[in-house]
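# Notes for the structure review
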Amino acid sequence: MEKVDLLVKNAEVYNSYLKKFETADVYVLGGRIYYVCRETADVREDMLEPEQVIDGTGYRMLPGFVDIHMHIESSMMTPVSFGRRAAGCGVTTLVSEPHEIANVAGVQGVHEMINGAKDAPIDIYYGIPSSVPSTNSRLETTGGVIGFEEMKHLMGEDGVVCVGEVMNYRQIIRGDELEITKFLDHLKEEDPQAVIEGHCPTLTGLDLAKFLYRGIDGDHTEHTLEELKDRFAGGMFVELQEKMLRQEVLDHIITNRLYEHCCFVTDDTMADELMEHGQLNYVVQKAVALGFPLEEAVYCASYTPARRMNLRDRGAIAPGKKADFQLIRTEECSGFQPEYVFKDGKEIFCRGEVSDQAGGHMFPEPFNDSLHLPDITCDKLVPAKGLKGERAAVRVIQVQDGCTQTTEIHREMKVKDGCLQWEESGCMLAAVFERHGKNGNIGYGFVTGDCIRKGAAATTYFHDHHNLLVIGSNVEDMLAAAHRIIELKGGICTAENGKITAELALPVAGILSEEPADEIGRMLSGVRKSLITLGYRHYNPIMSLCTLGLPVSPALKLTDCGLVDVVRAETVPLILTTV
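Residues numbered from 1 in each chain as written. Predicted model: local features only at pLDDT ≥ 70, side-chain atom pairs only at ≥ 80, totals over all residues. Heavy atoms only, no water.

### Some words on the nonpolar core
Ranked by size, the top nonpolar core spans 160 residues in total, and within it Phe-264, Phe-446 and Leu-545 carry the most contacts. Ignoring sequence-local partners within four residues, the contact set of Phe-264 consists of Val-66, Leu-240, Leu-245, Leu-280, Val-283, Val-284, Ala-287, Phe-292, Ala-297, Cys-300 and Ala-301. Membership of the second largest hydrophobic core comes to 17 residues, among which are Leu-6, Val-13, Ile-33 and Phe-342. (Core = buried A, V, L, I, M, F, W, Y, C linked by side-chain atoms within 4.5 Å. Buried < 20%, exposed > 50% of the residue type's maximum accessible area, 1.4 Å probe, protein only. Contact = heavy atoms within 4.5 Å.)

### So, the sheet that holds strand β27 (residues 562-565)
Hydrogen bonds along the backbone pair up the strands of a sheet, which may run parallel or antiparallel. Pairing is antiparallel in the open sheet, where 3 strands are placed in the order β26-β27-β28. Looking at the sheet topology across the chains shown, the edges are occupied by β26 (556-559) and β28 (570-572). With strand direction ignored, the average angle separating the axes of adjacent strands in the sheet is 45°. Relative to β28, β27 is paired through 3 bridges, and the arrangement is antiparallel. In the sheet register, Asp-565 faces β28, and the bridge partner there is Glu-570. (Pairing = 2+ DSSP bridges. Helix = DSSP H or I, 4+ residues; strand = E, 2+ residues; numbered from the N terminus. Axes fitted to C-alpha atoms, helices over the stretch in contact; angles between N-to-C directions.)

### A few points about helix α13 (residues 517-533)
With 17 residues, α13 should reach 24 Å at 1.5 Å per residue; the first-to-last C-alpha distance of 24 Å fits that figure. Against the buried residues of α13 lie α1 (79-87), α9 (271-276), β22 (456-459), β24 (491-496), β25 (499-505) and α14 (541-546). After α13 finishes, the residue Gly-535 shows a positive phi value of roughly 115°. (Expected span 1.5 Å × (residues − 1).)

### Topic: the packing of aromatic side chains
On inspection of all chains with the given rule, the structure shows 11 aromatic pairs. On the basis of an interplanar angle of 20° and a centroid distance of 5.1 Å, the ring pair of Tyr-299 and Tyr-303 is categorised as stacked. Of this pair, Tyr-299 and Tyr-303 both sit in helix α11 (residues 294-308), 4 residues apart, which is roughly one turn of that helix. In this structure, Tyr-299 and Tyr-303 share a single accessibility class: buried. An aromatic cluster of at least three residues, connected via ring pairs, comprises Tyr-17, Tyr-299 and Tyr-303. The positively charged end of Lys-19 is found above the aromatic ring belonging to Tyr-299, 4.1 Å away from the centroid. Here Arg-60 stacks its cationic end above the ring of Phe-21, 4.2 Å away from the centre of that ring. (Phe/Tyr/Trp six-rings, centres within 6.5 Å; stacked < 30°, edge-to-face > 60°. Lys NZ or Arg CZ within 6 Å of the ring centre and 35° of its normal.)

This is the structure:
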């Protein structure tokens, strides 16, 4: 009699090749699927002897989900903590792109994220940061820089499976000579099959073709239906995050049976949302609720993402594949809340037994001292001085609910004693302080729309350069918020009437916490609620606030270098005219 490690018997097993569920017995040996028996009589009891038996009656057995485009730093958690939580969501493989910490600490930051993943219960792979900074030093100041030599070094690290999202797409389609373009040329010669992820919102036609021509053939960003059609038609692999789950998008995929050419991803999952909704399972559940066929949804959450990253040993329950699977009660399957999750044939999650301890890899002490800022005083919150005339026309960033992209509008403000009387304008003042100790830059801008209306907020979790942003309706609250962030050694907080109303300390590189996941989620939830109380009317106020400085996401953003016209890839003046 042949011995095996595990038998899951009489479950409804998902077959990735037939895209359907079949009642079967699944045998596991040495961390891999050994045999899937669809006919009970096919294996006699004296042929295979399992050490452990699980009765799968009433359960559906799905492959472990594979999230190939996400950023662990966006959760503000360490890799171990995030891995534990993702396991409880049925996710057994992640591909994380650590450009957030690379923007603060360069290659050393990437190494610490790779080291931090080794204690996680799931497989965490990495894409090398290819755009650090996301643009260039004229548009933003970062603590770290990843150049051609650093990319070559990182591509050889264990656990690296792709080139992370190439974000400076405007410069690439212009044919600018960049560190990443040099590296792409290098890959064409040395590793022509390398997986290269992209970031190219709004590109279509010839511009999109130029991007694809460089070998960048994956995209996860937000698009109109026409932009999406252009990507599919050009052979681009489309990664669907939650904000792309629109009816017209899903209908196009379903009608044209484009399942082989797309998958589901999360991109960014905040700690409080992870606690409340889940991770990739939440995106898949939402797609199914909108009419995406369940069997195809499982396929696009496991098989196609694994294949995209050349992880051919997973994504299916079949002989020789990793025994990464989840058991979900049949009647709850479309909700994708697993009862049990197994990694390499070992149970790593059982519902009701979530472990919420910190621990695992700890970041070196220098990562806890990453804010290098002079004292922030009232005079540093004056956006313009010495203006002539009585009125000035200014550029304003307009926030819109429903997306993290912004628009540029123009407003008129009174001028008194050479200074803008912005407090009377209905606009919030925003200032970005360079915090990496390189040049002391301060960028000024105004924000309106679906953002805060009173009080202030401040954060060093500010994509991608992670300088210190403070935004508010009055200087007193702005100073209170900025000073508190410095005291915390990084984080995000809100203030009103001169007092802090909510906060989350992020002392590791100014963007992460080593506290337990539940504590991070609880504190972040408080900040989210406080932002809403202060007037934020956005589906994700945290992400909206923290991407106001992302100079690769249209249309007008603010960095320490000033206002950035994203399409033109250049800084533009705050003041348009004075009269």
